[in-house]
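Chain and residue survey
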Amino acid sequence: MKRNATAVWNGSGKEGSGHLTNQSNILNQTPYSYSSRFENGTGTNPEELIAAAHAGCFSMKLSFVLGAAGFTADEIKTDCVVTIDNGTITTSELTLRAKVPGIDEAKFKECAEEAKANCPVSKVLNCQITLDAALA
């Protein structure tokens, strides 16, 4: 399986602008710019897309890990904050709150740590990954 996206950039790094389109067209010429990356400008940016990808991938992986352990979550909510310092993504901070009937805290944390270590996005990130996991 392969997934794809296209970025188009016009102009200089600071004054230019671009847009992103992905295979599913959920992003369809979605604008991004220096301002949307490094200031508070309108548009998306690669870092928030990485945060969304990490939160989504981790949540789904946790669902599979819980299922293999005999549990089904009523809800898995993961927030992700990606930090960029001096042009490098340095951390991805996952905050998990989940409702999982019948699971104890120790088993839940074990499953969450397994998902953190083994979701495909965690495996590709070259940064510190932290996890704050709690049952809701």
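The structure under discussion appears in the preceding block.
Everything numeric here is computed off the predicted structure, so don't read it as measured data.

**Some words on the environment of V121**
With respect to the helices, strands and loops of the structure, V121 is situated in helix α4 (residues 120–124). Take V121: its relative accessible area is 17%, and that puts it in the buried class. Linking V121 and A73, residues 48 residues apart in sequence, is a C-alpha distance of 21 Å. Here V121 is in contact with A53, H54 and C57, once residues within four sequence places are set aside.

**A closer look at unusual backbone geometry**
Of note in this structure, N25 is not a glycine but carries a positive phi near 70°. If you trace the backbone, N25 turns up in the loop between β2 (17–22) and β3 (30–33). Phi is positive for Q29, close to 55°, though the residue is something other than glycine. Examined against the element boundaries, Q29 turns out to sit in the loop between β2 and β3.

**Structural notes on the packing of aromatic side chains**
Tallied over the entire structure, the rule returns two aromatic pairs. Ring centres of W9 and Y32 lie 5.1 Å apart, and the angle between their planes is 55°; on these two criteria the pair is classed as tilted. Of this pair, W9 sits in strand β1 (residues 5–10) while Y32 sits in strand β3, and the two are 23 residues apart along the sequence. Look at W9 and you get partly exposed, because its relative accessible area is 32%. Assessed through its relative accessible area of 11%, Y32 is described here as buried. Measuring from centroid to centroid gives 5.0 Å for Y34 and F38, while their planes differ by 50°, and the two rings are tilted. A residue pair is termed a helical-turn pair when its members lie 3 or 4 positions apart in one helix, as Y34 and F38 do in helix α1 (residues 34–38) at four residues. Residue Y34 is classed as partly exposed on the basis of its relative accessible area of 24%.

Procedures and definitions
Residues numbered from 1 in each chain as written. Predicted model: local features only at pLDDT ≥ 70, side-chain atom pairs only at ≥ 80, totals over all residues. Heavy atoms only, no water. Helix = DSSP H or I, 4+ residues; strand = E, 2+ residues; numbered from the N terminus. Buried < 20%, exposed > 50% of the residue type's maximum accessible area, 1.4 Å probe, protein only. Contact = heavy atoms within 4.5 Å. Phe/Tyr/Trp six-rings, centres within 6.5 Å; stacked < 30°, edge-to-face > 60°.

In short, shape yes, function no, at least from these values alone.
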